[in-house]
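Structural overview for review
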Protein chains: 2
Amino acid sequence: MADPTRARRLRPQDRERQIVQGAIAFFAEVGLDGHTRELARRLGITQPLLYRYFPSKEDLIERIYQEVYLRRWKPEWEAVIADRGLPCIERFRRFESDYQRVIHDYAWLRIFVSAGMKGYDLPRRYLGMVRERVFAPLLAEMRREYALPAPDALPLGEGEFELLFGIHGALVYVGLRGLVYGLALPEDPVATRAALLDSALVGLRQAHCAVVRRALEAASPGGGPPLGSPETEQEETHAARRPSGPHP
Amino acid sequence: MADPTRARRLRPQDRERQIVQGAIAFFAEVGLDGHTRELARRLGITQPLLYRYFPSKEDLIERIYQEVYLRRWKPEWEAVIADRGLPCIERFRRFESDYQRVIHDYAWLRIFVSAGMKGYDLPRRYLGMVRERVFAPLLAEMRREYALPAPDALPLGEGEFELLFGIHGALVYVGLRGLVYGLALPEDPVATRAALLDSALVGLRQAHCAVVRRALEAASPGGGPPLGSPETEQEETHAARRPSGPHP
DNA sequence: GCTTTTGTTTATCACTTCTTCAATTAAGGC
DNA sequence: GCCTTAATTGAAGAAGTGATAAACAAAAGC
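Residues numbered from 1 in each chain as written. Chains lettered and ligands numbered in written order. Predicted model: local features only at pLDDT ≥ 70, side-chain atom pairs only at ≥ 80, totals over all residues. Heavy atoms only, no water.

**A look at the protein's contact with DNA strand D**
Around DNA strand D sit 25 residues, and of these Leu10(A), Arg15(A), Thr46(A), His35(B) and Tyr51(B) come closest. The protein-proximal atoms of DNA strand D, defined as those within 4 Å of the protein, are 63% sugar or phosphate. Here a phosphate oxygen of DNA strand D and a side-chain polar atom of Arg15(A) are 2.5 Å apart. Every element with two or more residues in the surface near DNA strand D is listed here: α1 (12–30) and α3 (47–53) of chain A together with α2 (36–43) and α3 (47–53) of chain B. It is α3(A) that provides the largest number of residues to the surface near DNA strand D, a total of 4 residues. Across the surface near DNA strand D, the residue classes break down as 9 nonpolar, 6 polar and 10 charged. (Near = heavy atom within 4 Å. Polar contact = N/O pair within 3.5 Å; in protein donor to acceptor, adjacent residues only side chain to side chain. Helix = DSSP H or I, 4+ residues; strand = E, 2+ residues; numbered from the N terminus. Nonpolar A, V, L, I, M, F, W, Y, C, P; charged D, E, K, R; others polar.)

**Some points on the protein's contact with DNA strand C**
In the vicinity of DNA strand C there are 26 residues, among which His35(A), Gln47(A), Tyr51(A), Leu10(B) and Arg15(B) approach most closely. Sugar and phosphate atoms represent 66% of those atoms of DNA strand C found within 4 Å of the protein. At 2.4 Å, a side-chain N or O of Arg15(B) approaches a phosphate oxygen of DNA strand C. At 3.4 Å, a side-chain N or O of Arg37(B) approaches a base oxygen of DNA strand C. Per-element accounting of the surface near DNA strand C gives the leading share, 4 residues, to α3(B).

**Some points on unusual backbone geometry**
You will see that Ala147(A), though not glycine, has its phi angle at about 60 degrees, which is positive. Inspection of the secondary structure assignment puts Ala147(A) in the loop between α8 (122–145) and α9 (158–179).

**Digging into the environment of Leu139(B)**
Residue and element names in this part refer to chain B. Relative to the assigned elements, Leu139 resides in helix α8 (residues 122–145). Between the C-alpha atoms of Leu139 and Ile81, which are 58 residues apart in sequence, the distance is 9.6 Å. Excluding residues that lie within four positions of it along the chain, Leu139 makes contacts with Leu156, Glu160, Phe161, Leu164 and His208. (Contact = heavy atoms within 4.5 Å.)

These values are about where atoms sit, not about what they do.
Structure below.
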């Protein structure tokens, strides 16, 4: 016994977990095109055994999605956004701090990217969730906190989402550089992201007000009093000054 | 004649270009694991013909690297960083404006990501180039402009690079979301990035000074006068405001 | 016209892909 | 101990992989 060439007989539940965990690590490393034979080899089992537990490779991948993405989504992320005991900036900071710690993960990032490359809609759906469940409510709260029109008066604009996605992207990029592009990771990624977040959040309120103000002016030119209590914002002058980009 | 099932006979030079361009589009779409047979089919030629022009799939991919990445690198990017006629913030803005326009490209981004996933060192080398040829000189210039110690007195720190990579990443992420993750692209990505850049650049000087100050304190605790002339900071940043277009 | 040159294809090799199914072997209940 | 149950494997199928070599066919030179 203890035939090293033969897999130990496991309870299905254990074997399944072993396969799922192994598959996560494997597909993260080689991408979702990874071959089931190689996966089986790494698990120390034969390839047909995989098909005993998952009817097809695609089913196994679907299971990975649930394990890595859906199961790791925390409802508290949505809760902290709604917490009016905190300024919006602070809510955003807390969300990103924890969210980024969750996704700063070899498997999370690489399978996400691989799925994107293969045209699977996981990344689209997942980021749609971030947008709708976190960013949209947060922008509504920011509108409120900054005395800007509510979303039902002036719908949330692309530019507002881009502000949040911009900060978000800067943080994600820390992990991408290390875990996808193969550069050296910062010594302390958490601290690196915290510093980035700090310096990005400083200008967020002002930028948000400026974006909304522009949207308002576009909607009804020349009307209304200044918004977002500009007199308390010292840097207001330049963000709004530049007449947008190369064009519309 | 005009047998639609048979490839028109081309001059080798033309055929090669056709193959390279087709391969770029093809591998961008399906990733570098794409199959040579499918590539040939899309080109309307037979698969062995590919091997007449490129000894192996890997050689073809190497050629793609040169075409998509090395050939599109602009020496002027390094030049603008050195241009002391402009404030550093403005140099950075111009670099990123143009650089991002170049890499905001289906093939550029997707092949880059695919290469990263497959563990090829193109992304590592390429971003190393950005770091050494653009970010390092820029940080040195920023040190000078902000009256901070020169890099030979205090070596450039990880945290300083992270500031630039943070802004860089926020801009790259605009393209990633659309071209890799499959979300809708912003209506005007150039304008979106310009707005992001504006709001990110506002705090850059201050953040840079803070990072360097911390590094200094870590090196020799308790010493020296405050740095970065904080009292003159605010006005100076945008004094030389963006004169016209993305570059000379 | 014919021959030479060379761009292109047909046919094929050795190997790998995902998947299936009957045979094998280990564990649990009696 | 034996018997039942089910976890695991061996063997194989149909299709697809990168790569090769010889055959074909369209231009170019004379």
